[in-house]
Amino acid sequence: MVATTTEQPLTIAKIPVGSWSFAIRIWMATILALFVSFWLQLESPTTAALTVAILAEPTRGQALDKARWRLLATVVGVIASIAITGLFSQARDLILVAFAVWLGVCVFAAKLLDGYRAYAAVLSGYTVAFIATQQIDNPQHVFESGMARGAAIVVGVLSIAVVNTLMFAPDRRSHLITQLAAIHRRVRLCTSAALRGEPGDSTTFLALLREIVVLRPEIASVAPESSSGAVGSAAARSAAVSLIAELQAARSQSSGRAHGAGAETEILARSEVLLRGEKVSQDLLALSSAKWPRRMWRAPLYRSYRIAAESAVRAALWLAITSAFYVWAGWPAASVSLSFVTLMIGLGATTPKPRAFTAIALVAAPIAIVLTGILEFFILNGADDFPLLAIGLAPFVIGAALLVTSSNLLWSSLGRAILPFIMLLLAPSNPQTYNPQAFLFTSVFIIAAAALLLATQTLIPPLSHDKRRMQLLAEARSELQELSFKNGEAPEEAMFRDASRLGQFLSAGGAEDSEALAEMVSCFDQSTMIRRDGSKLTQPGDGRCDQDLDLSELT
């Protein structure tokens, strides 16, 4: 018997040292971005500091992965801004309509992606708001504004990359190895129980499946970490696909015993379980030794075009309604508030609950306003020296970054909202301007944007979890009717894609709907068996998945 002990992380003021290190890195990167922006006399130093706040990720690979997608999305957004203003510069109403349509297109793309790719899609949308909308009266300055924003973003990206390198920010690869190895141990427990003839536990199966598929976007962030990052990403991706295959093989073994499968079928199932487990071990070994896996699997994401389209239409309507309100109200400088509305619509589209994201932004905005007001008018109070700005920013940036690292989802979400809000409200410049009226207007516009968007989302609610679940289930039924391999997918890759759909179903509250969940899992099981055996199943007349399928029918 081997005794194991869990090493407790070192803490300072009951906060892990890793969290302190992350927060200090964000503060140092913010100061470096501002210093370089002031030295280069960039037009938009605020954007450089804001870029650091947005790229506040705990590992070096995640920050670099997000940074490269941010740069690419900014280029796309600038091109779209130039095109829209060039086509509709003489018709302001048409420009607003074009903005709404463009944002809808970007949200549609985001719903078909995950991770930082989804973030890049919405960034392409709200970049138009920050460039073209705020230059709606001066369309000839759109190109200059886009170049200034791009230069500031490059400074912010380089700043956080330099600080993360000098301060030895942790890599994602080592933590990913630990995660996958831990999941593999738990999957092995399931396979051992299946080989002993014990009944399978559906709750454990679903929990493990969801843990595996949510690692997909994080696996991609391993690639930019080092010269061997692409190798590690490929090995981790293959390991994740193999884990799903091993988990499903164990489930099939347990199900076969429950349905009284024949001896030959049971032997084949046991052999598959052992073979799948060996492939996972090989992929994990390749990951730890930075070698290419023997077989490189893709980890395809399930994409529901219907859900994406409905979400896109809602996002376009939200922006159209708020734009119409601002035009009707005739508020001066309403373009600033409209930019914040577009920002919240875009970022909310990358979350499971857009309305909850808006509510958090509405709560975080007053907190950030109070904190920034204390910093600007009481601590700095007219100071122009850069060292004083750096010292004054320290407690606010570090405090917000510590909230980001919290294990509590609410506190972490508030931290992610407060950190960029402070940069937007302070708007660092050289020399720093202390204008209470401008600060008050910006504060009012931010709160008004969040409140107006929340009211609009109440009038036209986001796509509900119930509708998402029913749509995913309907698509699973339809696909089972005419099962085929897409884009040359191997059975293991197709199984991972179906697992990602099941994960999306669980994210939409699928665990609360036991009947629909049972049918969804049955569809997953049947599609796996059809691909494995190359046979066709006769579906019931009502199109529902047969939850009492006898495995012996496939032999």
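Structural data are supplied above this passage.
Along each chain, residues carry numbers from 1 onward, in the same order as the chain's sequence is written. Predicted model: local features are reported for residues with pLDDT of at least 70 only, side-chain atom pairs are reported and counted for 80 or more only, and whole-chain, interface and lining totals are derived from all residues. Only heavy atoms go into the side-chain values, all of them from the structure, while hydrogens and water stay out.

Peer 1: Please set out helix α16 (residues 409-426) residue by residue, giving values where relevant.
Peer 2: Going along the chain from the N terminus, every DSSP run of H or I of four or more residues is numbered as a helix, and every run of E of two or more is numbered as a strand. Multiplying one less than the number of residues by 1.5 Å gives the expected span of a helix. Here α16 spans 26 Å end to end across 18 residues, near enough to the 26 Å set by a 1.5 Å rise per residue. Taken across its 18 residues, α16 has 13 buried, putting it largely inside the fold. N or O atoms closer than or at 3.5 Å make up a polar contact, with two conditions inside protein: a donor-capable atom paired with an acceptor-capable one, and, for residues adjacent in sequence, both atoms drawn from side chains. The residue sitting at the N-terminus of α16 and contributing the capping side-chain oxygen is Asn408; that oxygen lies 2.9 Å from the backbone nitrogen of Leu410. Of the residues trailing α16, Ala427 is marked for its positive phi of about 45°. When a residue's accessible area, from a 1.4 Å probe over protein chains only, is under 20% of the maximum for its type it is buried; when over 50% it is exposed; and in between it is partly exposed.

Peer 1: Could you give an account of the nonpolar core, naming the residues involved and the relevant values?
Peer 2: Buried residues of nine kinds, namely Ala, Val, Leu, Ile, Met, Phe, Trp, Tyr and Cys, make up a nonpolar core once their side-chain atoms join them within 4.5 Å. The biggest cluster of nonpolar side chains holds 89 residues, and the ones touching the most others in it are Ile26, Phe99, Leu319, Phe340, Ile345, Leu393 and Phe421. At 11 residues, the largest contribution of residues to this core is made by helix α15 (residues 386-404). Not counting the four nearest positions on each side in its chain, Phe421 is found in contact with Ala361, Ala364, Ala365, Ala368 and Ile446. Ranked by size, the runner-up nonpolar core spans 49 residues in total, among them Ile307, Leu473, Leu480 and Leu517. We call two residues in contact when some of their heavy atoms are within 4.5 Å.

Peer 1: Any chance you could break down the side chain of Gln432 for me, citing the residues and the numbers?
Peer 2: Inspection of the secondary structure assignment puts Gln432 in the loop between α16 and α17 (436-459). For Gln432, a relative accessible area of 10% corresponds to the buried category. Looking at Gln432, its side chain comes within polar contact range of the main-chain oxygen of Leu426, at 3.2 Å. From its side chain, Gln432 meets the backbone nitrogen of Ser429 in a polar contact 3.1 Å long.

Peer 1: Can you break down the side chain of Ser443 residue by residue, with the values?
Peer 2: Take Ser443: it is sitting in helix α17. The exposure class of Ser443 is buried, given its relative accessible area of 5%. Excluding residues within four positions of it along the chain, Ser443 makes contact with Ile369 and Leu425.

Such coordinate-based values are descriptive only and should not be taken to indicate function.
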